[in-house]
Amino acid sequence: MPLVNCEVTDNIGFICLNNPTKKNALSHEMVQEIVEALKDFKGRKVSPVVLRGPDGCAVWSAGHDIKELPEARRDPLGYQDSLEKLLRAVQKYPGPVIAMVHGSVWGGACDLVMTCDIVIGDETSSFAITPAKLALPYNASGILHFINRLGLNIAKEMFFSADPIMAERAERVGILNHLVASDKLLEFTTNMAKRMATRSSLAISVIKEQFNILAGAHPMSPDVFERIQGLRRQVYDSHDYEEGVRSFLEKRAPVFKGE
Ligand code: YXS
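Every residue gets a number counted from 1 within its own chain, in the order that chain's sequence is written. pLDDT decides what is reported in this predicted model: residues at 70 or higher carry local features, side-chain atom pairs at 80 or more are listed and counted, and totals for whole chains, interfaces and linings draw on all residues regardless. Side-chain numbers here rest on the full set of heavy atoms in the structure, without hydrogens or water.

A. Quick peek at the nonpolar core. Counting residues in each nonpolar core, the largest one holds 50 residues, and the members touching the most others are Ile 34, Phe 127 and Met 158. By definition, any uninterrupted DSSP run of H or I lasting at least four residues is a helix, any uninterrupted run of E lasting at least two residues is a strand, and each is numbered from the N terminus. Counting residues per element, this core draws most heavily on helix α1 (residues 28-43), which supplies seven residues. Setting aside residues no more than four positions away along its own chain, Ile 34 makes contact with Val 4, Ile 15, Leu 17, Leu 26, Leu 51 and Leu 86. Working definition of a nonpolar core: buried Ala, Val, Leu, Ile, Met, Phe, Trp, Tyr and Cys residues. They are joined through side-chain atoms within 4.5 Å. Exposure classes here rest on a 1.4 Å probe applied to the protein chains alone. A residue is buried below 20% of its type maximum, exposed above 50%, and partly exposed in between. Throughout, a residue-residue contact means that at least one pair of heavy atoms, one from each residue, lies within 4.5 Å.

B. The arrangement of the site of the ligand in detail. Close to the ligand lie 20 residues, the nearest being Lys 22, Ala 62, His 64, Ile 66 and Gly 108. Thr 130 has a polar side-chain atom sitting 3.1 Å from an oxygen atom of the ligand. In isolation the ligand has 1,000 Å² of accessible area, and contact with the protein removes 66% of it. Counted by class, the shell around the ligand contains 10 nonpolar, six polar and four charged residues. Put simply, a residue is near a molecule or strand once any heavy atom of it comes within 4 Å of that molecule or strand. Polar contact is defined as a pair of N or O atoms within 3.5 Å, subject to the rule that within protein one atom must be able to donate a hydrogen and the other to accept it, and that residues adjacent in sequence are counted only when both atoms are side-chain atoms. In short, Shrake-Rupley with a 1.4 Å probe defines the accessible areas, and a residue's cover is counted only from the protein chains shown. Under the scheme applied, nonpolar residues are Ala, Val, Leu, Ile, Met, Phe, Trp, Tyr, Cys and Pro; charged residues are Asp, Glu, Lys and Arg; polar residues are all the others, including Gly.

C. Focus on the pattern of salt bridges. Each reported salt bridge corresponds to a side-chain nitrogen of Lys or Arg within 4 Å of a carboxyl oxygen of Asp or Glu. Enumeration over the complete set of coordinates arrives at eight salt bridges. The shortest N-O distance in the salt bridge between Glu 209 and Arg 227 comes to 3.1 Å. Highlighted residues: Glu 209 in helix α9 (residues 201-215) and Arg 227 in helix α10 (residues 222-236), separated in sequence by 18 residues. Assessed through its relative accessible area of 14%, Glu 209 is described here as buried. Because the salt bridges share partners, they merge into one network encompassing Lys 92, Glu 209 and Arg 227.

D. Broad picture of the sheet that holds strand β8 (residues 126-128). Strand order across the open sheet formed by four strands is β4-β6-β8-β9, with mixed pairing between neighbours. Among the strands making up the open sheet, the edge pair consists of β4 (59-61) and β9 (165-166). Strand pairing is assigned whenever DSSP detects at least two bridges linking the two strands. Judged from the two bridges that link them, β4 and strand β6 (residues 104-106) form a sheet pairing that is parallel. In the sheet register, Val 59 faces β6, and the bridge partner there is Ser 104. Axes here refer to lines fitted to C-alpha atoms; in helices the fit is confined to the stretch in contact. Angles between the N-to-C directions go from 0 to 180 degrees. Running at roughly 105° to β6, helix α3 (residues 108-115) makes contact with β4, β6 and β8 of the sheet.

E. The packing of aromatic side chains, seen in detail. Side-chain rings of Phe, Tyr and Trp, where Trp is taken by its six-membered ring, are said to pair if the distance between their centres is within 6.5 Å; with planes under 30 degrees apart they count as stacked, over 60 as edge-to-face, and otherwise as tilted. Using the criterion set out here, one finds two aromatic pairs in the structure. Seen from their ring centres, Phe 146 and Phe 159 are 5.0 Å apart, and the 75° between their planes marks the pair as edge-to-face. One end of the pair, Phe 146, is in helix α5 (residues 140-150); the other, Phe 159, is in helix α6 (residues 152-161), with 13 residues separating them in the sequence. Taken together, the aromatic side chains of Tyr 138, Phe 146 and Phe 159 make up a single cluster linked through ring pairs.

Now the structure itself:
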């Protein structure tokens, strides 16, 4: 029985977490299936990708599979941990990854949602980061995700209280890009994904990588600067860049080729 259900509609990839008996806990097995799905979508140039739970789920995901956390005296969130591999796979996906949230989100799943590029939730969505509940030391890259997104004070409150932030406040503090009524959530999310799918996938993939570099950047070394310039050159030397400018001047929709 697959732990995720995948489908592609209008070149938009949907990955639906599907282990309700375990509240969609992010087990090694489930993470492996999500990472495989992203690899498959990348090969098929599917973009954007929507990460979602099953219709009507009370829990979007209960976070890291607690039963798989290592015993004491081992880093529970090391670089090779399956959750960390999943977060990197989402960050590296060369297109927008949109978290569509109905239900509650816990622990590492909250970091997963915050690592997605866009988060769209409904009135049932809530978000809690819970290492403080397990006396678990979160890792630096995970904490940086929250600081970058929310600022120090909200990030600290979330980590120190481990309390869920409910939908209305989640939109106010910046966890949610959009708070949408549950009966409109799929339509709203799909329409946004469809609009993004008409833009230059090449430009979006390079701009996303620049966000990754800059969000994680500290003093920028010459090497990083030149790497960013090289990435940008791939776009402004491309057919798509010429086509984007020309189509605008000729008042018609662009026809992008991804090159
Ligand atoms: O008893 P059975 O076998 O039916 O299994 C129960 C739960 O044990 C299981 N389950 C989980 N299994 C592994 N890892 C989990 N995170 C997890 N969460 C739940 O699912 C079955 C049904 O759960 P139950 O009976 O509690 O459902 P509920 O509807 O009463 O409550 C749903 C939740 C999500 C509120 C409740 O299950 C819960 O609080 N789960 C733990 C949420 C949590 O603290 N997640 C953080 C995991 S640690 C993590 O992500 C990071 C490492 S960190 O700690 O740093 O944030």
